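Working through the structure, step by step
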Amino acid sequence: MAVHRRSPLSGAQVLARALVLTAAATTALGVATGGSARAVPGAPDAPADRKDVKAQVEQLYDEAEQASERFNAAQEAQQRLQHETGTLQEQIAVGQDEFNRLRGDLATVAGAEYRGGGMTRTVQLMLATDPAGYLSRARALDQTAERQNETLHELLGRQRALDQRRAETTAKLAELEQTRKALAESKQQIQQRLAKAQRLLNSLGTAERARLAAQDAHDAEQRATRGKDRLDLGDTPPASERGAAALAAAVRMVGAPYVYGSAGPKAFDCSGLMYWSWRQAGVTLPRTSQAQAYAGRRVSLSEARPGDLVIFYRDMHHVGMYAGGGVIVHAPYPGAKVRYESVTTMPVSGVIRL
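A brief look at the structure comes next. (Residues numbered from 1 in each chain as written. Predicted model: local features only at pLDDT ≥ 70, side-chain atom pairs only at ≥ 80, totals over all residues. Heavy atoms only, no water.)

**Points about the overall build of the protein**
Of the regular secondary structure elements, the protein holds eight helices and six strands. Going from N to C terminus, the protein has its helices and strands arranged as α-α-α-α-α-α-α-α-β-β-β-β-β-β. Here the protein, with 354 residues, has 43% of them falling under the buried criterion. In the protein, once contacts between residues fewer than 6 apart in sequence are set aside, the share between residues at least 24 apart is 73%. Carbon together with sulfur atoms contributes 53% to the accessible area of the protein, which is approximately 18,100 Å² in total. (Helix = DSSP H or I, 4+ residues; strand = E, 2+ residues; numbered from the N terminus. Buried < 20%, exposed > 50% of the residue type's maximum accessible area, 1.4 Å probe, protein only. Contact = heavy atoms within 4.5 Å. Areas by Shrake-Rupley, 256 points an atom, 1.4 Å probe, with all protein chains shown as cover.)

Take a look at the structure:
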């Protein structure tokens, strides 16, 4: 079943124009690693300056995307731990109530023993007016106390285990809180660098910025169409009906903006687009590109079929969906929009079939 056969490129002429809109990328959270934007002294129309601006902005986008996947992973882990902590606290509360009840029962038994004068069982049996009845009650009392004692020990052990688990979970949540603080600091750093890049773009002048935008739009179109007038996705069928449905959902989002941490329905980051698209096909993927890399079985790039996930870079910080004909659909980076791109634009780490 073919997904597309020589369909027109949706929005390819304008998707890459977002390069010059770097200010929009400041809404994305990113971890900046090393370096800073350099000021351009004079000669705003020099081609070398234009290339330098483009390289710096692309580097900033790449760093921001890596940070967004790390943030997604931390957020997912935090949500899981918060749920686990809540469950443990409920279990501890129930165990504590049971512990208190049993302790009250044991107190009742101890009181009965005390009111008996502390006499031994032999003396009480000799003085009892109903020895048979006393023995029956004593046996029942012993059995009850034994059961309560066993249950109490079990609950004490369980409570200690739950307390330890709760302490471990609290420590992990504290660690995640520190991660969020570090990401917030990095957000400020990346915004400062993006602001420098924007000032660098502004220093090029209106005409040079227009040439830069036109060149970037042309490059994006060339990568997707290989210089043809139309986007050729070939006629390779998807691996499954769900794969076809996921691809159709992703293609509908061509032109939607990249927004850090978003998983639809109007904006996406790279793994968020994959997550949302496959949800439309009835499949729940992990939230991050690194986790999505292990969500299915690996196939070679030469075996890729429409709907397969394509993981990029050695650290697997980017993901797109194979659309056919050597083309993926993906959310590229902050400030850009969902678009088609050649699968060879970035280094492929693996192809995942769900």
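Having seen the model, we can carry on.
**Side note on unusual backbone geometry**
The omega angle of the peptide bond from Gly264 to Pro265 is 0 degrees, so this bond is cis rather than trans. If you check the backbone angles, Met316 has positive phi at about 60 degrees while not being a glycine. Take Met316: it is sitting in the loop between strand S2 (309-312) and strand S3 (318-324).

**Concerning the layout of surface pockets**
Estimated volume of the largest pocket: approximately 350 Å³. Glu58, Tyr313, Tyr333, Thr345 and Met346 are the residues nearest the centre of the largest pocket, which is lined by 17 residues in total. The set of elements that each furnish at least two residues to the lining of the largest pocket consists of helix H2 (47-115), helix H5 (206-225) and strand S5 (339-342). By residue class, the composition of the lining of the largest pocket is six nonpolar, three polar and eight charged. (1 Å grid on protein atoms, 1.4 Å probe; cavity = no way out; pocket = protein on both sides within 12 Å on 5 of 7 lines; lining within 4 Å. Points joined across faces, edges and corners; volume = space filled by probe spheres on them. Nonpolar A, V, L, I, M, F, W, Y, C, P; charged D, E, K, R; others polar.)

**Focus on the side chain of Asp269**
Here Asp269 shows up in the loop between helix H6 (241-252) and helix H7 (270-280). Of note is the side chain of Asp269, whose polar atom sits 2.9 Å from the side chain of Asn72. A polar contact of 2.6 Å, which involves the side chain of Asp269, links it to the backbone nitrogen of Gly272. (Polar contact = N/O pair within 3.5 Å; in protein donor to acceptor, adjacent residues only side chain to side chain.)

**So, the pattern of salt bridges**
For the coordinates displayed, the defined rule picks out five salt bridges. Arg287 serves as the salt-bridge partner of Asp269, at 3.2 Å between the closest nitrogen and oxygen. Linking Asp269 in the loop between H6 and H7 with Arg287 in the loop between H7 and helix H8 (289-292), this pair joins segments that are 18 residues apart in sequence. In terms of burial, Asp269 and Arg287 fall into one category: buried. Residue Arg353 pairs with Asp308 through a salt bridge whose shortest N-O separation is 2.9 Å. Taken together, the positions of Arg353 in strand S6 (residues 348-353) and Asp308 in the loop between strand S1 (297-299) and S2 put the pair 45 residues apart, joining distant regions of the chain. (Salt bridge = Lys/Arg side-chain N within 4 Å of Asp/Glu carboxyl O.)

**Describing the sheet that holds S3**
Read across the sheet, six strands follow the order S1-S6-S2-S3-S4-S5 without closing on themselves; strand pairing throughout is antiparallel. For this open sheet the edge positions go to S1 and S5, each flanked by a neighbour on one side alone. For this sheet the average axis-to-axis angle between neighbouring strands, irrespective of direction, equals 40 degrees. The pairing of S3 with strand S4 (residues 327-330) spans three bridges and is antiparallel. Within the sheet, the bridge partner assigned to Gly324 lies in S4 and is Val327. Those strands touched by H6 are S3, S4 and S5, and its axis lies near 105 degrees from that of S3. Strand contacts of H7: S2, S3 and S4, with the helix running at about 50 degrees to S3, the strand carrying the most contacts. (Pairing = 2+ DSSP bridges. Axes fitted to C-alpha atoms, helices over the stretch in contact; angles between N-to-C directions.)

**Here's the deal with the packing of aromatic side chains**
Evaluated as defined, the whole model comprises one aromatic pair. Look at Phe268 and Trp276: their rings are 5.5 Å apart centre to centre, the planes differ by 65 degrees, and that puts the pair in the edge-to-face class. For the pair shown, Phe268 and Trp276 are each scored as buried. (Phe/Tyr/Trp six-rings, centres within 6.5 Å; stacked < 30°, edge-to-face > 60°.)

**Concerning H7**
Here H7 lies mainly inside the structure; eight of its eleven residues are buried. Buried within H7 we find Cys270, Ser271, Gly272, Leu273, Met274, Trp276, Ser277 and Trp278.

**As for H6**
The terminal C-alpha atoms of H6, which comprises twelve residues, lie 17 Å apart, in line with the 16 Å expected from a rise of 1.5 Å per residue. Within the sequence span of H6, burial applies to Gly243, Ala244, Ala246, Leu247, Ala249, Ala250 and Val251. Residues of H6 that are buried in the fold lie against H7, S3, S4 and S5. (Expected span 1.5 Å × (residues − 1).)

**Notes on the pairing of S6**
The pairing of S1 with S6 spans three bridges and is antiparallel. Within S6, the position partnered with Arg298 by the bridge is Ile352. Where S2 lies against S6, four bridges are found, and the strand directions are antiparallel. Following the sheet pairing, Phe312 is matched in S6 by Val348.

**So, the packing of H6 against H7**
It is the contact of H6 with H7, at a shortest axis distance of 7 Å, that shows an interaxial angle of 125 degrees. When the axis of H6 is compared with that of H7, the two are oblique. Judged by the twist between their axes, the crossing of H6 over H7 is right-handed. Of H7, the residues touching H6 (which contributes Arg242, Gly243, Ala246, Ala249, Ala250 and Arg252) are Leu273, Trp276, Ser277, Trp278 and Gln280. (Parallel < 35°, antiparallel > 145°, perpendicular 65-115°, else oblique. Left-handed = near helix turned anticlockwise from the far one by under 90°.)

These values are about where atoms sit, not about what they do.
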